[in-house]
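Report on the structure
Here's the letter readout for the chains.
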Amino acid sequence: MDNLSMVTDLYEFSMANGYRQTIDEEQGVFDIFFRKVPDQGSFVISAGLEQVVKSLQNFHFDESDITYLRSLHLFKENFLDYLKTFKFDCQVSAIPEGTPVFPREPMLTIKGPLLQTQLFETLLLSILNHQSLIATKARRITYAAGKRPVMEFGARRAQGPESATYGARAAVIGGCTSTSNVLAAKKFGIPSAGTMAHAWIEAFPDELTAFEKWAEVYPDNASLLVDTYDVLKSGVPNAIKVFRKLKQAGHQPVGIRIDSGDITQLARGARKLLDDAGFPDAKITASNALDEHVIQSLLGEGAPLDNFGVGEKLITSASSPVLSGVYKLAAIEQNNQLIPKIKVSASREKLTLPGLKQVYRLYYPGTKHAFADVIALQDEKLDKPIDVIKANPLATKRDHMIDDYDAVPLQEKVLDATNLKTDLPAVFDIQKHSKEMLAEIPAATQRLVNPDEFPVYITQKLANLQDELLQRDKVFK
Ligand SMILES: Nc1ncnc2c1ncn2[C@@H]1O[C@H](COP(=O)(O)OP(=O)(O)OP(=O)(O)O)[C@@H](O)[C@H]1O
Ligand SMILES: O=P(O)(O)OC[C@H]1O[C@H](OP(=O)(O)OP(=O)(O)O)[C@H](O)[C@@H]1O
Ligand SMILES: O=C(O)c1cccnc1
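These figures come from a predicted structure and were not determined experimentally. (Residues numbered from 1 in each chain as written. Chains lettered and ligands numbered in written order. Predicted model: local features only at pLDDT ≥ 70, side-chain atom pairs only at ≥ 80, totals over all residues. Heavy atoms only, no water.)

1. Points about the overall build of the protein chain
Along the backbone of the protein chain there are 17 helices and 20 strands. For the protein chain, with 477 residues in total, the buried portion stands at 55%. Look at the contacts in the protein chain between residues 6 or more apart in sequence, and 74% of them connect residues 24 or more apart. Surface summary for the protein chain: the accessible area is close to 21,300 Å², and the carbon and sulfur share equals 51%. Each charge sign in the protein chain was given a centre, from 54 positive and 60 negative side chains, and these centres are 2 Å apart. (Helix = DSSP H or I, 4+ residues; strand = E, 2+ residues; numbered from the N terminus. Buried < 20%, exposed > 50% of the residue type's maximum accessible area, 1.4 Å probe, protein only. Contact = heavy atoms within 4.5 Å. Areas by Shrake-Rupley, 256 points an atom, 1.4 Å probe, with all protein chains shown as cover. Lys, Arg positive; Asp, Glu negative; His and termini not counted. Charge placed at Lys NZ, Arg CZ, Asp CG, Glu CD.)

Here's what the structure looks like:
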């Protein structure tokens, strides 16, 4: 990953320079969390941690960066010197990539010199918000597709090449099986996949010749695009002619792609033609502005589809294009003493959770069935039974008692100043982890429309700390 240290908002530099001149000795603790889930879903699939770790490992400023920052006439030389010899000195804990995460849960916590932790805000949010957004959208799309593979086809419609490439990575975390983006495939070990464009068909005198020439060049990879002229009258009959020749020559025909029109009707007609011609194994791929709802509708109609190619709606999360993850100060440390902090704003919804925390997933005892999450202070031991309170400050009936449970902590240590090399899982291992974690949460929480809310609680101790800080600031009384 390139050095992205300058991808930050000016105010992070302004504050960092200010800390250097004022409270330079203090440590900061920041949490990353979100309040709202895209597409009115109930959870987000966390993604982007590998790029966070790599960007932190590579965080530095070169001579031209320092010269530019100096030219702004905003910063003191002692701050520019600090940047010139920047040495990462923080600890990062995070919920592993692929995990379903719920509102208000700290996905990532960073502790270290206030100046450093402040400087990372924009970059870390930019990475995690983007990849988690796309992984979440991909989870919805692949959920709708069921066992049918979904290829990521979005590079041309992504918001630029970088979003295309990291978006493809996130799409695989969310369940896609391959990508047409060759750089993403190379970089992250994702199978590269693809068919052909209409240009190939148009470039030859007629459709049959185009298919034949393709089959000559790629006899074992003939997935033919059949909708350039007429799917059922021309495209599929021509494909069948080519498949017959391929079969005679000992090759296994791959299938067809339909990219326009009423996909259900066309796929039904195509399936019948292929089956009648003796090609029941030829696969039918659908594409064309697909998303989770179109896929559900197609499959609900019984469309005989084997694969999906999904581009623009996935790579841009078109129906809900923002994940508003935030980076909030949870504590500062002065002379080795942790001082919890809270952000109070006009809206109670925006109240933050103070202190160093851990998130626990609670399971029915002895099972893999999760029923709630609890956010606790890091140094507290969970009671049994446990008195908990809804994490959403706007919730009614906030108090709850949980008798028995197995608790599994979600945040893990990923990086610290003395251990800059962390083994990071490969993208398909993350996908596997994601599927396992999804299998543990209730089906009703996973459905696409009006999903059931998965309860997220805070412990009494954390609630008391929050109240204490609120009382001190004399608000919401
Ligand atoms: N049976 C179906 N049920 C629901 N949605 C469908 C069905 N068939 C196709 N769609 C979707 O409807 C949308 C519009 O399809 P349409 O064929 O009109 O696309 P188009 O982009 O206008 O066509 P073209 O690609 O030829 O320009 C696409 O998102 C497509 O995937
Ligand atoms: O629709 P998406 O989900 O983004 O899937 C990728 C699309 O990209 C290609 O079309 P292209 O960009 O060539 O143009 P088209 O929309 O005219 O088919 C392909 O034929 C798909 O339709
Ligand atoms: O390979 C394909 O079929 C493909 C790739 C990108 C976009 N649309 C289609």
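2. A few points about unusual backbone geometry
Looking along the chain, the bond that leaves K384 and enters P385 is cis, with omega of -5 degrees. Summarising the element assignment, P385 is placed in the loop between β15 (370-377) and β16 (386-390). One non-glycine residue, Q40, lies in the positive phi region at around 50 degrees.

3. Things to note about the site of ligand 2
Lining the immediate surroundings of ligand 2 are R156, R157, R257, D259, N288, A289, L290, V310, G311 and E312. Contact between ligand 2 and R157: an oxygen atom at 2.6 Å from a side-chain N or O atom of the residue. G311 places a main-chain nitrogen or oxygen 2.8 Å from an oxygen atom of ligand 2. Look at ligand 2: alone it shows 470 Å² of surface, and the protein chains cover 73% of it. (Near = heavy atom within 4 Å. Polar contact = N/O pair within 3.5 Å; in protein donor to acceptor, adjacent residues only side chain to side chain.)

4. Describing the site of ligand 3
Close contacts around ligand 3 come from F153, R156, S180, G194, T195 and R257, and that covers them all. Summarising the interface, the protein chains cover 81% of the accessible area of ligand 3, which totals 260 Å² for the free molecule. Within the shell around ligand 3, the residues separate by chemical class into 1 nonpolar, 3 polar and 2 charged. (Nonpolar A, V, L, I, M, F, W, Y, C, P; charged D, E, K, R; others polar.)

5. Observations regarding the confidence of the model for the protein chain
In low-pLDDT segments, the atomic positions of the prediction should not be examined closely. Chain-level pLDDT for the protein chain is 96 on average; 99% of the residues reach the 70-or-more range. Scored as a whole, the predicted complex attains pTM 0.97, and scored at its interfaces, ipTM 0.96. (pLDDT = per-residue confidence, 0-100.)

6. Digging into the UniProt feature "domain: Nicotinate phosphoribosyltransferase N-terminal" (unreviewed entry) in the protein chain
As recorded in UniProt, the sites labelled "domain: Nicotinate phosphoribosyltransferase N-terminal" (unreviewed entry) are residues 6-129. In residues 6-129, the share of helix is 43% and the share of strand is 17%. The end C-alpha atoms are 18 Å apart. (UniProt positions renumbered as here; feature names shortened; annotations may be inferred.)

7. Details of the packing of helix α11 (residues 231-248) against helix α12 (residues 263-276)
Contact geometry of α11 with α12 gives a least axis separation of 10 Å together with a crossing angle of 35 degrees. In the packing of α11 onto α12, the handedness of the crossing is right-handed. Across from V231, L232, V236, P237, I240 and F243 in α11, the residues of α12 making contact are L266, G269, A270, L273 and L274. Of the residues contributing to the contact of α11 with α12, the split by class is 10 nonpolar, 1 polar and no charged. (Axes fitted to C-alpha atoms, helices over the stretch in contact; angles between N-to-C directions. Left-handed = near helix turned anticlockwise from the far one by under 90°.)

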